[in-house]
Amino acid sequence: MNLTTARSPFSVSSLSNGDDRKFSLGGCSSYDTDSVASRSSGVFSGYDTLDTPPSYDFYSNTEIFGRAKKSRPSLFQLHSNPQDDPSPPPLYEESSVDKQSPDEDEPTEPPPEPARFGWAQGVMIRCMLNIWGVILYLRLPWITAQAGIGLTWIIILVSSSITGITGLSTSAIATNGKVKGGGTYFLISRSLGPELGGSIGLIFAFANAVAVAMHTVGFAETVQALMQERDVSMVDKLNDIRIIGVITVTCLLAISMAGMEWESKAQVLFFFVIMVSFASYIVGTIIPATPEKQAKGFFSYRADIFAENFVPGWRGLEGSFFGMFSIFFPSATGILAGANISGDLKDPNVAIPRGTMLAIFWTTISYLIISATIGSCVLRDASGYINDTVSSLSGECLGVGCNYGWNFTECMTNKTCPFGLSNYYQSMSLVSAFAPLISAGIFGATLSSALACLVSAPKVFQCLCKDKLYPGIGFFGKGYGKNNEPLRSYLLAYIIAICFILIAELNTIAPIISNFFLCSYALINFSCFHASITNSPGWRPTFRFYSKWLSLLGAVVSVIIMFLLTWWAALIAIGIVIFLLGYVLYKKPDVNWGSSMQASSYNMALSQCVGLNQVEDHIKNYRPQCLVLSGPPCMRPSLVDFISTFTKNHSLMICANVITGGPSPGSVDSAKISTHLKWLDKRRIKSFYHTVVADDLHVGVQMLLQSTGLGRMKPNVLVMGFKKNWRKAQPNNIENYIGILHDAFDLQYGACVLRMKEGLDISRTMQAHGMEYFKTNFLKIFYMDPEELMATSQPTTVFQTRQGKKTIDVYWLSDDGGLTLLLPYLLTRKKRWGRCKVRVFVGGEAQKVEDQKQELKALISRFRLGFQDVQVLPDINGKPQSEHIKRFEDLIAPYRVSSVQKDGQEADETTKDFSWMVSDEEMETFRAKSLRQIRLNEVIQDYSRDAALIIVTMPVGRRGACPSSLYMAWLEIVSRDLRPPVLLVRGNQENVLTMYCQ
């Protein structure tokens, strides 16, 4: 066979000659040949296909300047035959081609590339600077004196272990897909969802803004102390700190707003200053001590000093392991400084793991070295007096200083020694080869930490603003320049920092800030654990050196440390997180990030559904699980609202839509399904929505009845609206409608039919009342699907309002297992129907009215339904009025076959297959039942004219014996001319109520 003769005009082989023409497929918009098929490919030669090899463009949502983005062909393009089905593909499968008009001017140069940083400058140096702080210079020697070198190392290693575990968790999350800007907030929100991510993002940004003030005040206090040593003052101590702090943070703001390049250069400068101060310190420990330094307790490296300082020497109220741990641990934080600028990194997936872990490693080494070296060189106590030598002082000599000719016994006994590790916070300056370099190191550490926080807060807050999780903050999310700098967020962080600098009393707020950071650590660790434990196929981090159990341990330990640091601050932090979490849960933002919470919900739902298979059904646990034939839910809001009234939060509800005419492109459109689900959610209706495509309604409902549901979570009651226009419809439509009821009964479903005087389908009503809207929004409507247009409205129905002190009248004329009684009971449990009184009507005999009434009341009381008003209707079986009989006969007349019997031999070929036609024999056979329905309507007219709802036991017609038109006439005549809504109910003849407790 010659394949070229059978090749269609859409063959790809015609593209191999380098032809750059665009082509159209079945009425579709033009596609670039590069976008749909590969060029010059001998592999596809001779095949009528648009299949393309894998390409990066198919999975990326970004475009490269100067090159058209390739697009994977849709399933419609591959599967459909343009000659058989010329309809265009559905809009939701439209290819993302270059939509620019040829007339538009295209940019000739690519946009400027923003500054990006590697793992060293962008993450490692930034994290190290943020971890190092004033505690390193001013508190680590004191902690070494209190806890001893041994316990200090344990404190350092435990702190670094917690931050290291958090670093591993951060690395795992950061390598599970492409990371954008937003840092900690981005990582947590995309892993755990917007609820926890949003709350942490807000408090983390605020904590960083306040941390700017904390580090700046630390710098200002150091400067003020140096000024005080030289008797220099501007106003007074407190105001000097405020003035210096405001000037400093203004300069830092200028550096930040100049751009990330300048900020990064400033960080490198600070890093160099700190390295020089460290070098000065190490050199100072080796240089032999002068007599002046020896008088202050420094003797260079001595083994006996190391042995003396290796064991604890607790002093004061804070003299305990956990007291020292709570003071030191904040100095180990700051590991998220690199991740917080994730949007400014060249490759966040590589930079964040490598830079963060190396920063933790090197800072831990530096802490260990400094604690060991200073503990080997400096005594705990020293007087500082050059004359306190052993030779010049008589009496007993205490302490290691005696071994080197110094007697500090007096100040040690009186606890008045001003120098030594336990008393002098500037011990590193004492040891340093050049003391001013230590002051420079303190300046570098405080300013670099303040600058890192001043950059982190706006970056995190900008991402939070763009996600629009909280109202009123979107203004601050706007970016400027090639780096998309959040200048408005910078100014906000600056104002917050200024406010706390002016307060100048941060001792109360500082513990809360530490707890906010610990909250972030706990949630990052929990995010990693949760994503791992859910076994989601989407959890595929390239960083493998993590453990879900270590992450869980890190999360638990972080929470414990929160309470060890300051229990009241931990409660405040957790309370704020819970409040913000509750707000986002209430607002339910329209975001979908594929979080591990979604994966966990799926796992839990699947596990519970499978577990239900092991539990047998029991009458006490029976719930009416409704399959509602609503079509598009927005078309029949009354039906949907009514069923939701008693199923919400109690049982299953599935809104079903049958699309007739066979499968076609877009017939089961995921976008349409999403639109209807949003409509249900906006209406606060908890329901599933299911669509099937079938040749006709009857076949579609058969599919739904047999396949809808999962395990025990499957419907047991079919709910449909009354076919109001049945007399104008084709007879086969009546046959299909009644056939649906027969199918439901055959499959052991209960059945409910709701009828309202004004009808259920509001599509025509909406169109009639919306002509002005159509005129003013013509273009919008022209391109909008009618279902989508309907789904944008939220019409009010009678079932959305309180019913007041009306009645629910139940006509329990035939025992169907109790479903007719159970539904009104479920209604009265709801607030809207709670004040309604339920009246139960039953048929009876005139001679036994009281006996039957008492017997029925006793039965209902055993069911514990709370229905007290029971009425027996002795005239229910009486003869109806003649005019009503005549009206029924006129109703059924168009469907009568008066001259022949359908099953007789005289029946001609045109009538014997029409099962919807009613013969005289069938009219006579079902005469009594027909008269009963007519009489029942008269009784309902008398008793229930002002009821809120009428519930009637639905008559049952035998399949094959009762014509569909006659059955339809019964349903019509029972519910005809009634103002209240009427619900026709028939259970599946199995008990749904029980009087027993087991």
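Residues numbered from 1 in each chain as written. Predicted model: local features only at pLDDT ≥ 70, side-chain atom pairs only at ≥ 80, totals over all residues. Heavy atoms only, no water.

A. Spotlight on the overall build of the protein chain. When you go through the protein chain residue by residue, the secondary structure sums to 35 helices and 12 strands. Among the 998 residues that make up the protein chain, the fraction classed as buried is 51%. Excluding contacts between residues fewer than 6 apart, the proportion of contacts in the protein chain whose partners are at least 24 apart in sequence is 80%. Accessible surface computed for the protein chain: about 48000 Å², of which carbon and sulfur atoms make up 57%. (Helix = DSSP H or I, 4+ residues; strand = E, 2+ residues; numbered from the N terminus. Buried < 20%, exposed > 50% of the residue type's maximum accessible area, 1.4 Å probe, protein only. Contact = heavy atoms within 4.5 Å. Areas by Shrake-Rupley, 256 points an atom, 1.4 Å probe, with all protein chains shown as cover.)

B. Examining the nonpolar core more closely. In this structure, Trp132, Leu136, Tyr137, Ile200 and Tyr367 are the most contacted members of the largest nonpolar core, which totals 131 residues. The greatest single-element share of this core, amounting to 16 residues, is contributed by helix α7 (residues 194–229). Once residues within four sequence positions are removed from consideration, tyrosine 137 is found in contact with Ile274, Ser277, Phe278, Tyr425, Met428, Ile438, Gly441, Ile442 and Ala445. Membership of the second largest hydrophobic core comes to 62 residues, among which are Ile734, Leu891, Leu971 and Leu978. (Core = buried A, V, L, I, M, F, W, Y, C linked by side-chain atoms within 4.5 Å.)

C. Region of interest: the pattern of salt bridges. The tally for this structure, following the rule as stated, stands at 19 salt bridges. Two residues, glutamate 485 and lysine 459, come together in a salt bridge whose shortest N-O distance is 3.4 Å. One end of the pair, glutamate 485, is in the loop between α16 (435–467) and α17 (487–503); the other, lysine 459, is in helix α16, with 26 residues separating them in the sequence. Residue classification places glutamate 485 among the buried positions, given a relative accessible area of 6%. Among the residues examined, lysine 459 registers a relative accessible area of 7% and is labelled buried. Across the pair glutamate 938 and arginine 935 runs a salt bridge whose closest N-O atoms are separated by 2.8 Å. Note that glutamate 938 and arginine 935 are positioned in helix α34 (residues 927–943) at a spacing of three residues, about one turn of the helix. Here the two residues glutamate 938 and arginine 935 agree in accessibility, since each one is buried. Ionic contacts of the salt-bridge type, sharing partners, join the residues Glu616, Asp617 and Arg712 into one network. (Salt bridge = Lys/Arg side-chain N within 4 Å of Asp/Glu carboxyl O.)

D. Structural context of the sheet that holds strand β12 (residues 982–986). Within the open sheet, the 10 strands sit side by side as β3-β2-β1-β4-β5-β12-β11-β6-β7-β8. Their pairing is mixed. In this open sheet, the two edge strands, each paired with only one partner strand, are β3 (688–694) and β8 (869–873). Strand-to-strand twist in this sheet, taken as the mean axis angle between neighbours without regard to direction, amounts to 20 degrees. Inspection of the sheet shows strand β6 (residues 807–811) paired to strand β7 (residues 837–843) by five bridges, in the parallel sense. Paired with tyrosine 811 across the strands is phenylalanine 841, a residue of β7. (Pairing = 2+ DSSP bridges. Axes fitted to C-alpha atoms, helices over the stretch in contact; angles between N-to-C directions.)

E. Up close: the environment of serine 763. Relative to the elements of secondary structure, serine 763 occurs in helix α26 (residues 763–769). The buried category is assigned to serine 763, whose relative accessible area is 13%.

F. Up close: unusual backbone geometry. At serine 300, a position not held by glycine, the phi torsion is positive, near 65 degrees. Along the polypeptide, serine 300 turns up in the loop between α10 (291–295) and α11 (303–310). What makes serine 300 buried here is its relative accessible area of 11%. With phi around 55 degrees, lysine 468 is a residue other than glycine that occupies positive phi space. The residue lysine 468 is located in the loop between α16 and α17 in this model.

G. Geometry of α7. The end-to-end C-alpha separation of α7 is 52 Å, in line with the 52 Å expected for 36 residues at 1.5 Å each. With 26 of its 36 residues buried, α7 lies for the most part within the structure. Looking at the residues trailing α7, positive phi occurs at aspartate 231, about 55 degrees. (Expected span 1.5 Å × (residues − 1).)

H. Representation of the packing of aromatic side chains within the structure. Applying the stated criterion to the full structure yields 31 aromatic pairs. Measuring from centroid to centroid gives 6.3 Å for tryptophan 132 and phenylalanine 271, while their planes differ by 20 degrees, and the two rings are stacked. Placement of tryptophan 132 in the loop between α4 (119–131) and α5 (134–174) and of phenylalanine 271 in helix α9 (residues 260–286) is noted, with a sequence separation of 139 residues between them. For the pair shown, tryptophan 132 and phenylalanine 271 are each scored as buried. A connected cluster of aromatic rings, assembled from ring pairs, spans Trp132, Tyr137, Phe271 and Phe278. Its guanidinium or amino end placed over the ring of tyrosine 480, lysine 478 lies 5.3 Å from that ring's centre, counting from NZ or CZ. (Phe/Tyr/Trp six-rings, centres within 6.5 Å; stacked < 30°, edge-to-face > 60°. Lys NZ or Arg CZ within 6 Å of the ring centre and 35° of its normal.)

I. Quick peek at the state of the cysteines. Under the counting rule described, the total for this entry stands at two disulfides. Two residues, cysteine 397 and cysteine 402, share a disulfide whose sulfurs are 1.7 Å apart. Of note, the bridge from cysteine 397 to cysteine 402 carries an S-S torsion of about -100 degrees and is left-handed in sense. The residue that forms a disulfide with cysteine 411 is cysteine 417, at a sulfur-sulfur distance of 1.9 Å. Every disulfide takes its handedness from the sign of the S-S torsion; for cysteine 411 and cysteine 417 that torsion is 80 degrees, giving right-handed. (Disulfide = S-S within 2.5 Å.)

J. Structural view of the packing of α5 against helix α12 (residues 321–328). Between α5 and α12, whose axes approach to 9 Å, the crossing angle comes to 90 degrees. When the axes of α5 and α12 are compared, the pair comes out roughly perpendicular. Looking at the contact of α5 with α12 residue by residue, the class counts come to 16 nonpolar, two polar and no charged. (Parallel < 35°, antiparallel > 145°, perpendicular 65-115°, else oblique. Nonpolar A, V, L, I, M, F, W, Y, C, P; charged D, E, K, R; others polar.)

K. Structural detail: the environment of leucine 821. Relative to the helices and strands, leucine 821 is located in helix α30 (residues 819–828). In this structure leucine 821 comes out as buried when scored by relative accessible area, which is 0%. Taking the C-alpha atoms as reference points, leucine 821 and isoleucine 860, separated by 39 residues in sequence, lie 9.0 Å from one another. Among all residues touching leucine 821, those that are not within four sequence positions of it are Val810, Trp812, Val840, Ile860, Leu865, Phe867 and Leu993.

L. Highlighting the side chain of serine 532. Relative to the helices and strands, serine 532 is located in helix α18 (residues 509–533). Dropping the residues within four chain positions of it, serine 532 is found in contact with Trp539, Tyr546 and Lys548.

M. Representation of the confidence of the model for the protein chain. Chain-level statistics for the protein chain give a pLDDT mean of 81 and a share of 83% at 70 or above. Low pLDDT (under 50) marks residues 770–784, which in the prediction has nine contacts with non-local residues, meaning those over four places away or in another chain. Predicted confidence is poor over residues 899–912, with pLDDT under 50, and the contacts of this stretch with residues over four places away or in other chains come to 13 contacts. (pLDDT = per-residue confidence, 0-100.)

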